[in-house]
Structure formats: structure tokens, C-alpha cells
Amino acid sequence: MQIGFEEQTAEKLQPEIHRFLAGWGGGAAAGSLGKMQLVRQAARQRDLSSLQAVARILVEGIDELASRKPEQAQILRLRFLDGLAMHVVANRINRSEPAAYKLQRKALRSLTDIIYRQELALKAGRNEAIFARLGAPEYDRLFGIDELLSNVMELVQSPSQPWLILLEGIGGIGKTSLADALVRKAVVAGVVEHVGWVTARRQIFRLSGRIDAAKTPTLTTAALVENLANQILRDTPLPVPFTVEQVLPLLRQRLNEEPHLIVVDNLETVVDLETLLPALRLLARHSKILLTSRRSLLAEAHLYHCQIPELSPESAFALLRHEAQLRNVHALAAADDDALHAIYATVGGNPLALRLVAGQTLVHDLPSILVALTNARGESASQLYNFIYRNAWDSLDEIAQRTLLVMPLAPPQGLVFPLLAQTSGLAESELYDALDRLVRLNLIDRRGDLENGRYSIHPLTQSFLQEQVLRWK
Ligand SMILES: Nc1ncnc2c1ncn2[C@@H]1O[C@H](COP(=O)(O)OP(=O)(O)OP(=O)(O)O)[C@@H](O)[C@H]1O
Ligand SMILES: [Mg+2]
């Protein structure tokens, strides 16, 4: 992916402009000026080549200069646009040759400033539009993700495979937040210039413990393509009536010409995933596509899987203390490590659950919050479980449900397959399929090498399995 123009400074820009002007009328090449947003926008909007677009922008820049510093504009026109030798120009403007050179240097500096400011303004406007598309972030600080963030950033930055990157993990683990943080960072650093963001989120869990339905419609392939086209092909008239067959090639062409970073959030809710994934594969060539999903999609080719892990105890404690400070919860702010360990033992490193607990300490004391979570008492505990587990649980067959219910018997480091078979009393072939399904749904984690994999569950899943699940059975 291209490095953006922020990498360019006014100092680097000036010699480029000088070089271009010196080759005016023959021999000029757009060079690195061609990478400027201003140039690309002018090329597209006015249907010009890069070379023509640079020329147009410089002529207009000199016109602007003329209104403020006419002498400087004049020397640039005479010297470069009209191609006169410096001694002729000096004569024309009644200056010595050294004085004319000095004026030319000043004029180049002023022109560079004009162009540079225009470019920055264009970029700032673009970034603002991108951030508006993302909406306000739901976090104000993210903990424990630095390494993961820089790993994914590297993938996004590399101009080669993988084009499709999947952030996967259980509900509330931080997939959307990571994608959001990544886009913001990449845009500000100039790693990406164009962003598309489409969400398929169906439900929103409020930290007050309530579930709201999302306003966005159910996502289908057609809806996704239309949504992306509206974001990315804003300067292209779209066919009416809209058809995927007509628009997909247009989208593909633009994404090939101008590398984008596209995010599709909550892929697990997309109704026709089997049509969507091939469409996304077509689009992801020069552009990168970042997907988030609660389901692993392990069977899909061409997907690079990034599992979002739970927060470590240290990061979880930092998050809890930060939340306590932010909301001015004295009890939590003063909590000792034992109290924080007790929270971690109940909800583990799931940031959504941690934030819920932190918020609840405003109204309840900590032991009763944790008991409510393990006993699935109270509205917010049962809504949290609904939000994270209900769909996945309902999609399991009886064998998979039985397998999951055995998991609380596993020690923290997990169980190996033969022991799990023994404990569950299931036939190995049945258990094999059930585990496959549960791992794909991120309900069970599989760690270790191919031969000696160990199966374990998150503490939050453990708490969920104690009581809540019995109510659903
Ligand atoms: N690393 C983190 N540090 C602090 N807060 C976090 C972190 N990751 C996520 N959060 C917070 O936890 C909550 C859940 O995160 P997020 O919505 O990103 O999860 P998700 O994996 O996308 O869930 P879903 O499967 O429901 O889409 C949000 O309020 C978010 O701000
Ligand atoms: Mg999400």
C-alpha cells in the first residue's frame, strides 16, 4: 500500500516543484508529485493525466501567488512557463541576475507553501470524513493491544498477500475496537488514504446492561456492494436500477487503481456469506480488506486469521482502574489486587464484561456483582450472556452443547482430546466434530501443537456455563 503524502514535507516538495517547472514544455514527469492527493483528485475530477494535473495545479498555484505577490508570480511565469533565460528575465524585471535568482528562490518557496497547504487541507477534510464514517469510538483507551495492533498494521501496510485479514474472537473481545484503532492510526500515519467501513452489527450492548437493536439493515452481498459503492465511487454515477453485476466491476477497478482499506464488521451476521466472500476476494487485490467475525471461517481459503486474545490480568487490571478513574468509582479505584483477581476469575480478560463490571460497581458492591454473574441473576448479567452467547448456543446441536457443558471440569491449562473424550463420555468421532464447531465459534480455545492440542474456555464462558445456560436448556 502506498505511503501517503504526510511523508512528504514542504522541504522535500520544493525541489520536486522546481524540477517539474524546469522541465515545462517537454521533459517534465509527474514523479512523486503524482502521488499527491491534490493531483489525484484533479486527475479524476477533470479527467486529466497525472502530468496534466500537476501542470494545472502549479498554474493555479501561481495564479493564487499573483494576487498576493505579483513579482514572484511574474518571475515564475517568465522563467518557467515562458521558458526565458535568467539574464533575459532579469533584464525584463529590472534586476541584476543574482537578485533575480534570489527572487526566484523566494517565489518557489511561496508556491510550495501554497501547494502544501492545499494538500494538507484536502487531507484533513478527507480524514475528517473518514472519522465521521467510523463514528465516535466506544473506547477512550485500549489496553494490551499494542503488539497486535502493530502486527496487523504491518499486514495492512505490505503491498502483497494477505489481502483479506480476519480478526476473529468471541463477542466483546475487542475486534471492532481493534479495527477502529487500526484505521485511525493508519489514516493519521498516511499508511492508507482511502477507507471504506461497512458494519453488519445487529445488536449493541450498552454498558448499562441493555441490548439495543442496531439501526443498520441486515447485510447481504447486494447491500454491502451498494454501501461500499456509495462510499468509494462518490464521483461516479451509479447505474439505476442498482445491480451487483454492474457495480462490482466498477468498484473493483477503483480499488485496483487506488488502494483502499475496507473494513467489514461483524461478518458472522451476513446472511449470504457464501456469495459475499468470493465478491470480497475479487475486490481485494491492491486493496486490503479487514473483516471481523465471531466465527472463525476456518474453511475459507485466502483468509489470514488473527485471533483476538483475552486481555492479560495486567491489562485487565489497567482497564478496570482506568474505568474506575473515568467514572469516578471510588470503591473500584480503591480495590486491592485480590478484588481485581476475583473479577478476573469471573469474567477473564473480556473487555466488554470487564467494563460492565466496572460500571456496576457504581451501584452494587463487588461480591454481589460477581455472584450475580455466576448465578446469572439480574438483568445486566443475563443480557450480557444473551449478547455474547445466545446465537452461538442456539446454533449448536446437542452433542456440541454437551461438549461445552463438560468444559468447566477442565483445569485452566485445558484438557487434551483423550481426556475430554473420557470426561464427556462421547464417542471420539462425535467429540471431534463437536470440538470443530465449538472452536470455530470461538467458544472453546485450542492451544498447543497439532498433536497435543489442549482445549479450554474463557473464564467468562465458564461463568456463563454455571447457571445461565441451564435456563436456556
Ligand atoms: N483492548 C481494550 N481495552 C479497553 N477496552 C476495550 C478493549 N477492547 C475492547 N474494549 C471495549 O470493550 C467493548 C467491546 O469491544 P468490541 O465492541 O470491540 O468487541 P467485539 O469483539 O467487536 O464484539 P462483537 O462480537 O459484539 O462485535 C467496547 O466497549 C470496547 O470499547
Ligand atoms: Mg464488534
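The rules behind the values
- Residues numbered from 1 in each chain as written.
- Chains lettered and ligands numbered in written order.
- Predicted model: local features only at pLDDT ≥ 70, side-chain atom pairs only at ≥ 80, totals over all residues.
- Near = placed C-beta within 6 Å.
- Helix = DSSP H or I, 4+ residues; strand = E, 2+ residues; numbered from the N terminus.
- Nonpolar A, V, L, I, M, F, W, Y, C, P; charged D, E, K, R; others polar.
- Domains from an automatic or database assignment.
- Pairing = 2+ DSSP bridges.
- Axes fitted to C-alpha atoms, helices over the stretch in contact; angles between N-to-C directions.
- Buried ≥ 20, exposed ≤ 12 C-beta atoms within 10 Å, placed from the backbone.
- pLDDT = per-residue confidence, 0-100.
- Contact = placed C-beta atoms within 7 Å.
- Expected span 1.5 Å × (residues − 1).

**Examining the site of ligand 1**
Part 1: Close to ligand 1 lie 21 residues, the nearest being Tyr 139, Gly 174, Thr 176, Ser 177 and Pro 351.
Part 2: Secondary structure elements with two or more residues in the shell around ligand 1: helix H8 (175-188) and helix H15 (351-360).
Part 3: A breakdown of the residues in the shell around ligand 1 according to their chemical character gives eight nonpolar, nine polar and four charged.
Part 4: Residue assignment places the shell around ligand 1 across two domains, with domain 2 (135-307) and domain 3 (313-374) each supplying three or more.

**Observations regarding the sheet that holds strand E2 (residues 194-199)**
Part 1: In space, the five strands of this open sheet follow the order E2-E5-E6-E1-E7, with parallel pairing throughout. The two strands at the open ends of the sheet, each matched to only one other strand, are E2 and strand E7 (303-307). Going from strand to strand, the sheet's axes swing by 20° on average, the running direction of each strand aside.
Part 2: By the bridge criterion, five bridges tie strand E1 (residues 164-168) to strand E6 (residues 288-293) in an arrangement that is parallel. For Leu 166, the partnering residue across the bridge sits in E6 and is Leu 291.

**Overview of unusual backbone geometry**
Part 1: Cis peptide bonds are those with omega within 30 degrees of zero, and the linkage from Gln 161 to Pro 162 qualifies with -10°.
Part 2: Mapped onto the elements, Pro 162 comes out in the loop between helix H7 (146-157) and E1.
Part 3: For the bond running from Val 240 to Pro 241, omega is -5°, close enough to zero to count as cis.
Part 4: Structurally, Pro 241 is set in the loop between helix H9 (221-232) and helix H10 (244-257).
Part 5: Residue Asp 47 is not a glycine yet carries a positive backbone phi of 55°.
Part 6: Inspection of the secondary structure assignment puts Asp 47 in the loop between helix H2 (37-46) and helix H3 (50-68).
Part 7: Judged by the 9 C-beta atoms lying within 10 Å of it, Asp 47 falls in the exposed class.

**Quick word on the confidence of the model for the protein**
Part 1: Looking at the protein, pLDDT values average 91 and 98% of them are 70 or higher.
Part 2: For the protein, helix H13 (residues 330-333) is the element with the lowest average pLDDT, namely 84, and helix H4 (residues 70-81) is the one with the highest, namely 97.
Part 3: Below pLDDT 50 for its whole length, residues 1-6 participates in 21 contacts with residues either more than four positions away or in separate chains.

**Quick word on helix H6 (residues 97-134)**
Part 1: In a regular helix each residue adds 1.5 Å, so 38 residues correspond to 56 Å; H6 covers 55 Å between its end C-alpha atoms and thus fits that length.
Part 2: Among all positions of H6, only Ala 100, Leu 103, Gln 104, Ala 107, Leu 108, Leu 111, Thr 112, Ile 115, Tyr 116, Glu 119 and Ile 130 are buried.
Part 3: Of the residues one or two after H6, Gly 135 is the one with positive phi, at around 80°.

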